[in-house]
Amino acid sequence: MKGIFEKIIDKEIPADIIHEDELTIAFRDISPVAPVHFLVIPKKKITNVQTASPQDSSVFSHIFSVIQQLALKENLAEDGYRVVTNIGEYGGQTVDHLHFHVLGGRALQWPPG
Ligand code: DGP
């Protein structure tokens, strides 16, 4: 069965998409926890960092290049921002499709809970 992020990729459900290319799509999180909060995901179905294969390495490097570009566009680059990927139950992953949260627009707390 298609997951929620696959439906966003296939435009079957709406999302506030801020970037799309051959390998990735980025859209604003439905429940933002910072003034700027978007997700960058691969179009390829990879569950998380732990299940990725060495063949996916080019997807990861591309995702980080997209994050750099979007951080500039969203005015996060100067003050700084955070990139988070949750893995599995203890990591707090709720959607089983690899995604990188990009959070910024305010000073963020550390450590997370
Ligand atoms: P995680 O807990 O790391 O698996 O984060 C999943 C995030 O995905 C969570 O912050 C909320 C977001 N999310 C879940 N469903 C949707 C959706 O349908 N649309 C959008 N834009 N974001 C979603």
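Let me sum up the structure you'll find in this document. (Residues numbered from 1 in each chain as written. Predicted model: local features only at pLDDT ≥ 70, side-chain atom pairs only at ≥ 80, totals over all residues. Heavy atoms only, no water.)

### Details of the nonpolar core
Phe-38, Val-40, Ile-63 and Leu-70 are the most contacted members of the largest nonpolar core, which has 17 residues in total. Of all elements in the fold, only β3 (36-42), α2 (57-73) and β5 (100-104) reach the threshold of two or more residues within this core. Sort the elements by how many residues they give to this core and α2 lands first, with seven residues. Membership of the second largest hydrophobic core comes to eight residues, among which are Phe-5, Ile-9, Phe-27 and Val-95. (Core = buried A, V, L, I, M, F, W, Y, C linked by side-chain atoms within 4.5 Å. Buried < 20%, exposed > 50% of the residue type's maximum accessible area, 1.4 Å probe, protein only. Helix = DSSP H or I, 4+ residues; strand = E, 2+ residues; numbered from the N terminus.)

### As for the site of the ligand
The environment of the ligand is formed by 15 residues, the closest being Asp-29, Asn-86, Thr-94, His-99 and His-101. Ile-30 places a polar main-chain atom, nitrogen or oxygen, 3.2 Å from a nitrogen atom of the ligand. Here an oxygen atom of the ligand sits 2.7 Å away from a polar atom, N or O, in the main chain of Thr-94. Burial of the ligand by the protein amounts to 84% of the accessible area it has alone, namely 510 Å². More than half of the atoms of the ligand fall within 2 Å of the grid points belonging to the largest pocket. Mapped onto the shell around the ligand, the elements with two or more residues apiece are α1 (4-9) and β2 (24-28). For the shell around the ligand, the element with the most residues is α1, which contributes three residues. (Near = heavy atom within 4 Å. Polar contact = N/O pair within 3.5 Å; in protein donor to acceptor, adjacent residues only side chain to side chain. Areas by Shrake-Rupley, 256 points an atom, 1.4 Å probe, with all protein chains shown as cover. 1 Å grid on protein atoms, 1.4 Å probe; cavity = no way out; pocket = protein on both sides within 12 Å on 5 of 7 lines; lining within 4 Å. Sits in = over half its atoms within 2 Å of the grid points.)

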